[in-house]
Amino acid sequence: VLKVEQPAHLFLAIDERMTRIWGDEGAPEWARDFSPTGNRIVTDDPTMHQLRPYQVVVKKVGSGEIKLGPPWEQFQRIPAYSMYFAFLGNGKPKN
């Protein structure tokens, strides 16, 4: 849950392995109204054992509470890559 004091752009950086699953299985309800930015972020987190790319998506949000959720609801059926992180910006996203 995020609390936003003024309208902003909410960005998610989503592990590209997860976005492939979303393409096949569908994104969770809470994530369906984000739009791709065409940007990628790469992390060198040592727990990932290799560089891991993330796709960046965005949506405009109003002030108030924003509830994010799990990246995927079918964890039991096939392995899922559940990494994503969120950040806010008050400027217009650049393409």
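Below you will find a few notes about this structure.

What counts, and where the lines are drawn
- Residues numbered from 1 in each chain as written.
- Predicted model: local features only at pLDDT ≥ 70, side-chain atom pairs only at ≥ 80, totals over all residues.
- Heavy atoms only, no water.
- Phe/Tyr/Trp six-rings, centres within 6.5 Å; stacked < 30°, edge-to-face > 60°.
- Helix = DSSP H or I, 4+ residues; strand = E, 2+ residues; numbered from the N terminus.
- Buried < 20%, exposed > 50% of the residue type's maximum accessible area, 1.4 Å probe, protein only.
- Core = buried A, V, L, I, M, F, W, Y, C linked by side-chain atoms within 4.5 Å.
- Contact = heavy atoms within 4.5 Å.
- Pairing = 2+ DSSP bridges.
- Axes fitted to C-alpha atoms, helices over the stretch in contact; angles between N-to-C directions.

**Some thoughts on the packing of aromatic side chains**
Under the criterion given, the structure shown has four aromatic pairs. Judged by centre distance (5.4 Å) and plane angle (40°), the ring pair of tryptophan 30 and tyrosine 84 falls under tilted. Of the two residues, tryptophan 30 sits in the loop between helix H1 (16-25) and strand E3 (35-43) while tyrosine 84 sits in strand E6 (residues 84-89), which places them 54 residues apart along the sequence. The class for tryptophan 30 is buried, based on a relative accessible area of 16%.

**A few points about the nonpolar core**
Core analysis: the biggest nonpolar cluster contains 15 residues, and Leu12, Ile14, Trp22, Ala31, Phe34 and Val61 have the highest contact counts within it. Broken down by secondary-structure element, the contributors of at least two residues to this core are strand E2 (8-15), H1 and strand E4 (52-61). A per-element tally of this core places E2 first, with four residues. With residues near it in sequence (within four places) discarded, phenylalanine 34 still touches Leu10, Leu12, Val57, Val58 and Lys59. Counting residues in each nonpolar core, the second largest holds five residues, with Phe11, Ala13, Tyr54 and Val56 among its members.

**Focus on the sheet that holds E2**
Taken together, the four strands give an open sheet; going across it, the order is E3-E4-E2-E6, and neighbouring strands pair in antiparallel fashion. Whereas interior strands pair on both sides, the edge strands pair on one side only; in this sheet they are E3 and E6. Recorded for the sheet is a direction-independent mean angle of 30° between the axes of neighbouring strands. Strand direction decides the pairing type here: E3 and E4, joined by six bridges, are antiparallel. When the sheet's bridge partners are listed, arginine 40 is paired in E4 with glutamine 55. Contacting E2, E3 and E4, H1 runs over the sheet at an angle of about 95° to E2.

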